[in-house]
Amino acid sequence: MSLPHAILTALLEKPSSGLELTRRFDRSIGYFWSATHQQIYRELGKLEQAGRIRELPAAAPARGQRKEYEVLPAGREELAAWVARPEDPRPIRDPLLLRMRAAAVIGAKGLEAELRRHLTLHQRQLTEYREIEARDFTPAPTSEADRLRHLVLRGGIDLETFWTGWLTRAVEEMDGDADD
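Residues numbered from 1 in each chain as written. Predicted model: local features only at pLDDT ≥ 70, side-chain atom pairs only at ≥ 80, totals over all residues. Heavy atoms only, no water.

**Considerations on the environment of Met 100**
Then comes step 1: Structurally, Met 100 is set in helix α5 (residues 95-106).
Then comes step 2: Measuring from C-alpha to C-alpha, the distance between Met 100 and Leu 148 comes to 35 Å, with 48 residues separating the pair along the chain.
Then comes step 3: Not counting chain neighbours up to four residues away, the residues in contact with Met 100 comprise Leu 111, Leu 115 and Trp 166. (Helix = DSSP H or I, 4+ residues; strand = E, 2+ residues; numbered from the N terminus. Contact = heavy atoms within 4.5 Å.)

Put into structure tokens, the structure is as follows:
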């Protein structure tokens, strides 16, 4: 149920077209809630049909003009209710962890290379998050909205820090198994 809420959030930040939303998901929201172009357009239709968003009137009629959407009061109310609603943490569902469990049963051939690949990907993501933090949150944010955005980014930084540390240890242990 979170994709409609991610879209409502993005539209409250700035009325946008489906294409603009897709681009914004690629640049920011997508770091923690990803969605395909098709999912976003499908959800826009559902939100419009439910009376939570509406298409903004076009400045001038044009053929093939893209639709821009804004959030209606019902959408704002739904988002506020969702923000206040309790929700339990979700269990981790990571294919790499499952693959490691399978490797414990069938053997770990090829696993170390995949661990190293994941380590590299998490290191890159951590670097990117730290660059965003230095660019967008230095000096420290003062408004509540910016502090909340920074906390979301800090969550990403902390998760990537965890994954790089854990994967580093996993690779070291796999190397140690090769020495045995």
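**Quick word on the packing of helix α1 (residues 2-13) against helix α3 (residues 37-49)**
Then comes step 1: Relative to each other, α1 and α3 sit at 80 degrees, their axes nearing to 10 Å. Of the possible angle classes, the one that applies to α1 and α3 is roughly perpendicular. Here Leu 3, Pro 4, Ile 7, Leu 8 and Leu 11 of α1 lie close against α3, whose contacting residues are Gln 39, Ile 40, Glu 43, Leu 44 and Leu 47.
Then comes step 2: Here the residues of the contact of α1 with α3 sort into 8 nonpolar, 1 polar and 1 charged. (Axes fitted to C-alpha atoms, helices over the stretch in contact; angles between N-to-C directions. Parallel < 35°, antiparallel > 145°, perpendicular 65-115°, else oblique. Nonpolar A, V, L, I, M, F, W, Y, C, P; charged D, E, K, R; others polar.)

**As for the layout of surface pockets**
Then comes step 1: Looking at the largest pocket, its volume works out to about 2200 Å³.
Then comes step 2: The element that contributes the greatest number of residues to the lining of the largest pocket is helix α7 (residues 144-179), accounting for 11 residues.
Then comes step 3: Looking at the lining of the largest pocket residue by residue, the class counts come to 22 nonpolar, 7 polar and 13 charged. (1 Å grid on protein atoms, 1.4 Å probe; cavity = no way out; pocket = protein on both sides within 12 Å on 5 of 7 lines; lining within 4 Å. Points joined across faces, edges and corners; volume = space filled by probe spheres on them.)

**Brief notes about the nonpolar core**
Then comes step 1: Counting 17 residues, the largest nonpolar core has Ile 7, Leu 11, Leu 21, Phe 25, Ile 40, Leu 44 and Ile 53 as its most contacted members.
Then comes step 2: Looking at this core, the elements with two or more residues in it are α1, α2 (18-27), α3 and β3 (68-71).
Then comes step 3: If you tally residues by element for this core, the top one is α1, at 6 residues.
Then comes step 4: Apart from residues lying up to four places away in sequence, Ile 53 is in contact with Leu 8, Leu 11, Leu 44, Leu 47, Glu 48, Tyr 69, Glu 70, Val 71 and Leu 72.
Then comes step 5: Ranked by size, the runner-up nonpolar core spans 10 residues in total, among them Leu 115, Trp 163, Ala 170 and Val 171. (Core = buried A, V, L, I, M, F, W, Y, C linked by side-chain atoms within 4.5 Å. Buried < 20%, exposed > 50% of the residue type's maximum accessible area, 1.4 Å probe, protein only.)

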